[in-house]
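# Per-entry structural report
Here are the chains, one letter per residue:
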Amino acid sequence: MAAGLGTRLLLLLRRRRPGPAGSGMRKARSGWGREREREAEEDQAAGSGRLTAAQLAARLRREAEAGTQPEELRTPLSRRVQELKRLTQPLQRLHPNVLAKVLRKGIVLHNADLVVVDKPYGVPMEAGPKTGTSVRDALPVLAKMLYGMKAEPLHICHRLDKDTSGVMILTRDEKSAQALHHRFKTHQVVKKYW
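Here the residue numbering is sequential within each chain, running from 1 through the sequence in written order. Reporting of local features is limited, given that this is a predicted model, to residues whose pLDDT is at least 70; pairs of side-chain atoms are given and counted only at 80 or more, and all residues count toward the totals for whole chains, interfaces and linings. Processing note: side-chain calculations cover all non-hydrogen atoms of the structure and skip hydrogens and water entirely.

### Points about the overall build of the chain
- Counting its regular elements, the chain contains seven helices and four strands.
- Here, two residues are considered to be in contact whenever any of their heavy atoms come within 4.5 Å of each other. Nonlocal contacts in the chain, meaning residues at least 24 apart in sequence, comprise 51% of its contacts between residues at least 6 apart.
- In the structure as shown, the chain presents an accessible area of about 13800 Å², 56% of it carried by carbon and sulfur atoms. Strands here mean DSSP runs of E at least two residues long; helices mean DSSP runs of H or I at least four residues long; both are numbered from the N terminus. Using the Shrake-Rupley algorithm and a 1.4 Å probe, accessible areas are obtained, with residue cover drawn only from the displayed protein chains.

### Examining the side chain of His-158
- If you trace the backbone, His-158 turns up in the loop between strand 3 (155-156) and strand 4 (166-171).
- A simple rule labels every residue: compare its accessible area, found with a 1.4 Å probe on the protein chains alone, to the largest value its type can have, and call it buried under 20%, exposed over 50%, or partly exposed in between. Under the relative-accessibility criterion, His-158 is labelled buried at 7%.
- Setting aside residues up to four positions removed in sequence, His-158 forms contacts with Met-125, Val-167, Met-168, Ile-169, Phe-184 and Lys-191.

### Re the nonpolar core
- Remark: nonpolar core denotes a set of buried residues (Ala, Val, Leu, Ile, Met, Phe, Trp, Tyr, Cys) joined through side-chain atoms within 4.5 Å. Leu-103, Leu-142, Met-168 and Leu-170 are the most contacted members of the largest nonpolar core, which has 20 residues in total.
- Broken down by element, the residue count for this core peaks at six residues, all from helix 6 (residues 135-147).
- Apart from residues no more than four positions distant in its own chain, Leu-142 is found in contact with Ala-100, Leu-103, Arg-104, Val-117, Leu-154 and Leu-170.
- Listed in part, the six residues of the second largest apolar core include Val-116, Cys-157, Ala-177 and Phe-184.

### Concerning the pattern of salt bridges
- The salt bridge definition used is simple: a Lys or Arg side-chain nitrogen within 4 Å of an Asp or Glu carboxyl oxygen. Inspection of the entire model under this criterion finds three salt bridges.
- A salt bridge links Glu-126 to Arg-136; the nearest nitrogen and oxygen atoms lie 2.8 Å apart. Residue Glu-126 is located in the loop between strand 2 (114-119) and helix 6, and its partner Arg-136 is located in helix 6; the two are separated by ten residues in the primary sequence.
- Because the salt bridges share partners, they merge into one network encompassing Glu-126, Arg-136 and Arg-159.

Okay, structure coming up:
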């Protein structure tokens, strides 16, 4: 067993020896690295079954070169999430007027004081440095669509993450928004996620 280990170590050391300067050493090393990663992955498969970071990177690189999806994207749920992310990217680049029309189509409840809207996946509540149009940007336009041109902007009672779709409660005045916000904060209103 010791002789086999010594021979293997000697082979690894020989492969590590750098070539002469300017002789395409970078290209030879990357080929050597891939070959070594494949060998290590084969050894690992015969051993404990755990992959190192280099082995995982090599496997992902080979899958990308072959045009296959990584294992984590093969499940139906992960494919659906990736599809939603791809489809909602254009929603972040919409003009607030267009986003207000999208929100208007998703109205669940609408009365004189309250508007309940189904927020689409991928649309942020607040604008940030890397986000485009947000729900807050569309609220003045949505209020004018629902209550007339002289309507004040709607107020957000609670927040939903960008990657969360679901029901969002909006009010017409600040006092009502603060009262509902307090109820969410004190857990008098229960949020359900599924």
